Structure formats: C-alpha cells, structure tokens
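# Overview (structure and organization)
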Amino acid sequence: MALLAIALGTALLAATPASSQEDSSPARGDSTLGMVIETVVPSPSGQGYRIIGTDGRVVAYGDATFEGSVGDLALNQPIVDAFADGDDGGYVLVAEDGG
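Residues numbered from 1 in each chain as written. Predicted model: local features only at pLDDT ≥ 70, side-chain atom pairs only at ≥ 80, totals over all residues. Heavy atoms only, no water.

The next subject is the overall build of the chain. Counting its secondary structure elements, the chain contains zero helices and seven strands. Order of helices (α) and strands (β) in the chain, N terminus to C terminus: β-β-β-β-β-β-β. Here the chain, with 99 residues, has 31% of them falling under the buried criterion. Taking the contacts inside the chain whose residues are at least 6 apart along the sequence as the reference set, 41% of them involve residues at least 24 apart. Carbon together with sulfur atoms contributes 54% to the accessible area of the chain, which is approximately 5,500 Å² in total. (Helix = DSSP H or I, 4+ residues; strand = E, 2+ residues; numbered from the N terminus. Buried < 20%, exposed > 50% of the residue type's maximum accessible area, 1.4 Å probe, protein only. Contact = heavy atoms within 4.5 Å. Areas by Shrake-Rupley, 256 points an atom, 1.4 Å probe, with all protein chains shown as cover.)

Here's what the structure looks like:
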C-alpha cells in the first residue's frame, strides 16, 4: 500500500484510493467532494486506513472496513476525534460536544 500524507483540517476534494500494485481497490464509504479531514484511523493490520471528516463522513482504503458513518445526520457539533474500537475493525467517532 502506498503511503499517504494528509494535512488535517484541509478539504478532501476527491476521494481516490492511494494505489499501488498490491492495492488498486476503490475507496469505500462516503467518498464525496468537500470533506474536511479531521483524523485518519489505521486498520488493525496497518494495511489500510479510514479518513474521518468533521461532518462524520468516513472513507475506507486498503483492508480497512467501512462500518458506516454519520455523514447523513445533522450533528450538533463537528467530529473532533476517532479511534479504533478493538481488534474487529470497528471505530468510534467523537463529536466536540462528546456525542
């Protein structure tokens, strides 16, 4: 998998996978335009990652699973953090108000 460098707090204008000979799979999840990146969460194996937007959208690459997002919900406060939830590939999104 190719390395990815992302400046947090910048807009992701198009979600395209970091491609290499080993991984040419498309991005999975809410790969829409205008996503402001809050954080990146690696998969348990380290062979994938999820990009998390401040609006709750999630885009998965590599072997990272897409387990859903809250990008279609009206949030009271933006997402400010995310972390892996155990070894099963899940993740938790945390909003500024703790929600």
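More follows now that the structure is in view.
Time to look at the pattern of salt bridges. Overall, the coordinates contain one salt bridge when judged by the stated rule. For the salt bridge of Arg57 with Asp55, the shortest nitrogen-to-oxygen distance reads 2.5 Å. Residue classification places Asp55 among the partly exposed residues on the basis of a relative accessible area of 25%. (Salt bridge = Lys/Arg side-chain N within 4 Å of Asp/Glu carboxyl O.)

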